[in-house]
Amino acid sequence: MAQRGIQPDSAKFCCSICLDLLKDPVTLPCGHSYCMSCIKDCWDGEEHKEIYSCPQCRRAFTPRPVLQKNTIIAELLEEMKKMGLQAAPPDLCYAGPGDVACDVCSGRKLKALKSCLTCPASYCEQHLQPHYDAAPLKKHKLVEATVKLQENICSRHDEVMKIFCRTDQQCICSLCAMDEHEGHRKVSAAAERSERQEELGLSRQKIQQRIQDTEKDVKVLQQEVEAISRSADKAVEDSEKIFTELIHLLEERRSEVKQQIRSQQEEEVSRAEEVQEKLKQEIAELRRKDAELEQLSHTQDHIHFLQNYPSLSRLSESTHSPSANIRPLSYFEDVTAAVSELRDKLQELLSEEWSKISLTATGVDVLLPQPEPKTRAEFLQYSCHITLDPNTANTHLSLSEGNRKATRIEEKQSYPSHPDRFTVWFQVLSRESLTGRCYWEVKWKGGVIIAVSYQDISRTGNWDECGFGNNDKSWALDCSNMNRCFRHNKIITKIRLPVSSRVGVYLDHRAGILSFYSVSETMTLLHRVQTTFTQPLHAGLWLGRGATAEFCELK
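Given the structure is predicted, the values throughout are model-derived calculations rather than measurements.

**Student:** What exactly am I supposed to notice about the sheet that holds strand β8 (residues 163-165) here?
**Tutor:** One key point about sheets: their strands pair by backbone hydrogen bonds, in either a parallel or an antiparallel sense. Overall, antiparallel pairing links the three strands, which are arranged β9-β8-β10 in an open sheet. In this open sheet, the two strands that pair with only one neighbour each are β9 (170-172) and β10 (186-188). Each strand axis lies, on average, 35° off the axis of its neighbour in the sheet, ignoring direction. As defined by bridge partners, β8 adjoins β10 across three bridges and the pair is classed as antiparallel. Bridging from a neighbouring strand, C165 pairs with K186 of β10.

**Student:** Could you clarify how one ought to interpret the pairing of strand β18 (residues 491-494) in this entry?
**Tutor:** Looking along a regular strand, one sees side chains alternate from face to face of the sheet. Where strand β17 (residues 485-488) meets β18, four bridges bridge the pair, whose relative direction is antiparallel. For C485, the partnering residue across the bridge sits in β18 and is K494. The loop that links β17 with its antiparallel partner β18 comprises two residues; one of these, N489, has a positive phi angle of about 50°.

**Student:** Explanation requested: the side chain of H527 in the structure shown.
**Tutor:** Here H527 shows up in strand β21 (residues 523-530). Non-local contacts of H527, meaning those with residues more than four positions away in its chain, are made with F486, T493, I495, L514, S515 and F516.

**Student:** I would appreciate a short explanation of unusual backbone geometry in the present structure.
**Tutor:** Among all residues save glycine, negative phi is the norm, and among peptide bonds the norm is trans. Across the junction of T62 and P63, the peptide omega takes the value 0°, indicating a cis bond. With respect to the secondary-structure elements, P63 resides in the loop between β4 (60-61) and α2 (71-82). Even without glycine at this site, D24 takes up a positive phi of about 50°. For D24, the location among the structural elements is in the segment before β1 (25-27).

**Student:** Please clarify how the pairing of β21 should be interpreted in this entry.
**Tutor:** In the sheet, strand β20 (residues 513-519) pairs with β21 via seven bridges, with the strands oriented antiparallel. Residue pairing across strands places V519 opposite M523, the latter belonging to β21. What sits between β20 and β21 in their antiparallel hairpin is a turn of three residues.

**Student:** Help me understand the environment of V26, please; the structure alone is not making it clear to me.
**Tutor:** Mapping V26 onto the fold places it in strand β1. Since its relative accessible area comes to 0%, V26 is described here as buried. V26 sits 42 residues away from Q68 along the chain, and the two C-alpha atoms are 5.8 Å apart. Here V26 is in contact with H32, S33, Y34, C35, M36, I39, L67, Q68, K69 and N70, once residues within four sequence places are set aside.

**Student:** So what exactly am I meant to see when it comes to α2 here?
**Tutor:** In an α-helix, one turn spans 3.6 residues; hence positions three or four apart end up facing the same way. Over its twelve residues, α2 runs 17 Å from end to end, which matches the ideal 16 Å to within 8%, given 1.5 Å per residue. Here α2 has its buried residues at I73, A74, L77 and M80. Taken down its axis, α2 places every buried residue within 120° of arc, on the same side. Residues of α2 that are exposed and point more than 90 degrees away from the buried face comprise I72, E75 and K82. The elements touched by buried residues of α2 are β1 and β2 (33-35). The distance from a side-chain oxygen at the start of α2 to the backbone nitrogen of I72 is 3.2 Å, and the residue carrying that oxygen is N70.

**Student:** What is the right way to look at the nonpolar core in this model?
**Tutor:** The tendency in soluble globular proteins is for nonpolar side chains to be buried side by side. Membership of the largest hydrophobic core comes to 46 residues, with the highest contact counts inside it found for W440, I450, F468, W475, L514, F516 and L541. When sequence neighbours within four positions are dropped, the list of residues in contact with L514 reads V452, W475, V505, Y506, L507, H527, R528, V529 and F533. Counting 19 residues, the second largest nonpolar core, distinct from the first, contains C35, Y52, C54 and L67.

**Student:** Is there a simple way to think about helix α6 (residues 189-297) in this case?
**Tutor:** In this model, α6 (109 residues) spans 152 Å end to end at C-alpha, consistent with the 162 Å of a helix rising 1.5 Å per residue. E192, E268, R271, K289 and L296 are the residues of α6 that are buried. The secondary structure elements touched by the buried residues of α6 are β8, β10 and α7 (302-313).

**Student:** Would you explain the packing of aromatic side chains in this entry?
**Tutor:** Aromatic rings in a pair are described by how distant their centres are and how their planes are angled relative to each other. Per the stated rule, a full pass over the model turns up 13 aromatic pairs. Geometrically, the ring pair formed by W43 and Y52 is tilted, given 5.8 Å between the ring centres and 55° between the ring planes. For the residue pair W43 and Y52, the accessibility class agrees, reading buried in each case. Each residue in the set F379, Y382, Y439, Y506 and Y517 is aromatic and connected to the rest through ring pairs, giving one cluster.

**Student:** How should the sheet that holds strand β23 (residues 548-551) be read in this particular structure?
**Tutor:** Read across the open sheet, the seven strands follow the order β11-β12-β23-β14-β19-β20-β21; overall the sheet is antiparallel. On the outer flanks of this sheet lie β11 (397-400) and β21, each paired with one strand and no other. Pairs of neighbouring strands in the sheet enclose a mean axial angle of 20°, with direction left out of account.

The rules behind the values
- Residues numbered from 1 in each chain as written.
- Predicted model: local features only at pLDDT ≥ 70, side-chain atom pairs only at ≥ 80, totals over all residues.
- Heavy atoms only, no water.
- Pairing = 2+ DSSP bridges.
- Helix = DSSP H or I, 4+ residues; strand = E, 2+ residues; numbered from the N terminus.
- Axes fitted to C-alpha atoms, helices over the stretch in contact; angles between N-to-C directions.
- Contact = heavy atoms within 4.5 Å.
- Buried < 20%, exposed > 50% of the residue type's maximum accessible area, 1.4 Å probe, protein only.
- Expected span 1.5 Å × (residues − 1).
- Arc of directions from axis to C-beta.
- Polar contact = N/O pair within 3.5 Å; in protein donor to acceptor, adjacent residues only side chain to side chain.
- Core = buried A, V, L, I, M, F, W, Y, C linked by side-chain atoms within 4.5 Å.
- Phe/Tyr/Trp six-rings, centres within 6.5 Å; stacked < 30°, edge-to-face > 60°.

Just distances and angles here, no functional claims.
Right, here's the structure in full:
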């Protein structure tokens, strides 16, 4: 029986199943007690099992124990109720996996409410009370219950660390401060925390700002993805309509050609059959005349022969011209040849235009601006295959190596007339249009200008209108003389570095970056442009007398 003035620990009389004071307490053979209804419900859930166990110690019982009320505990609980003791508060529950356990509790430990950095230890509500009541303990530093208290203990001296060594940037105890950290710059952990707290605030501001900036980028990307999707849907719809119109047009032309061929066939066959019928009639008339003459030749009557021969020997005029003058009939090989020529022209046109369509479609780039590559291996990730467009080449430029190499020659080439051809200046543009991130290399010899240009640069006129780098439609690295320079819109920037015989060109169309590099064992930046490109670009070359330039095959 509990003595007067002594407050029993109510947690010891709580059911570990319902966490309330025991009701109709029963005690198992292992010694643990439960509410009769709680343990029955627990075991009833195991009715298909032959072995029953204690929820706390897991001791097994076979057969199922007969439950009887523990009258002693029941009487104690009745007495405790008379003393005003209630059920354990909800916070005084037992510590489970992941919980911080009270360091003072004996037996089954309760969850700790607070940890003391001074002691250092963790306490449940009951054992924490002295820290609120005792004056010396009130000065201790209480924090939310934590399992990391050991981090506050010096592993060498087993003392609480309250000092921060700024020289070695570590937390230390008072003994460490007088020993190996003597003479170092030291402050209290609280003072260092206060200073670091301000830095933490600044760090959080930077992080929050980056979060806001990144969220804006995410929003911009989302808007761009939606815009791209809308644009792609419209492009598919429009291209389907255009291709349908093209197919319909071709079907109409096919039907017209077929109709014209059949109509001409009918006309020619009708004419031939008409002539054939007349010839057959003439043959029949001639055979009749021949038979009469044969019969006359056998007559014995001279008078009859002489009287009839003049009329029989006279031949009527032929109704048809001799075979040598028959008008030739029309055949249709020329139609087949014309249709075949049309097919070849369409294939050539589709081949030329398809590269533009493909590059335009694959040039969509929704990524945020990427840092410019540093090593040649990084540049090669963006390498692209470039060929020169014969329709743009000046007639004094000879193209070879699959239209990847250009050579300046004296003799004019027999290029067909084309509106895209440079007629005055010795220049040529690439067939491919360039968007997104691209990298290519040019191996050159002699006087050469390596450039990029919009497609609509002038093809005729003076140097300011057509010349690479001398207008606002082109950007050019001039390697044509000893004074290497970069040209754009009549502005010349001298390049002090030596230029190797192999030049790398990096383009990030979206970011507006154009860079020229001297390529050898290392990548040396010659000139870099930051601008805004408003159209797809084309690689370009200008060649001086006897010069050659070739787009390298990159691996």
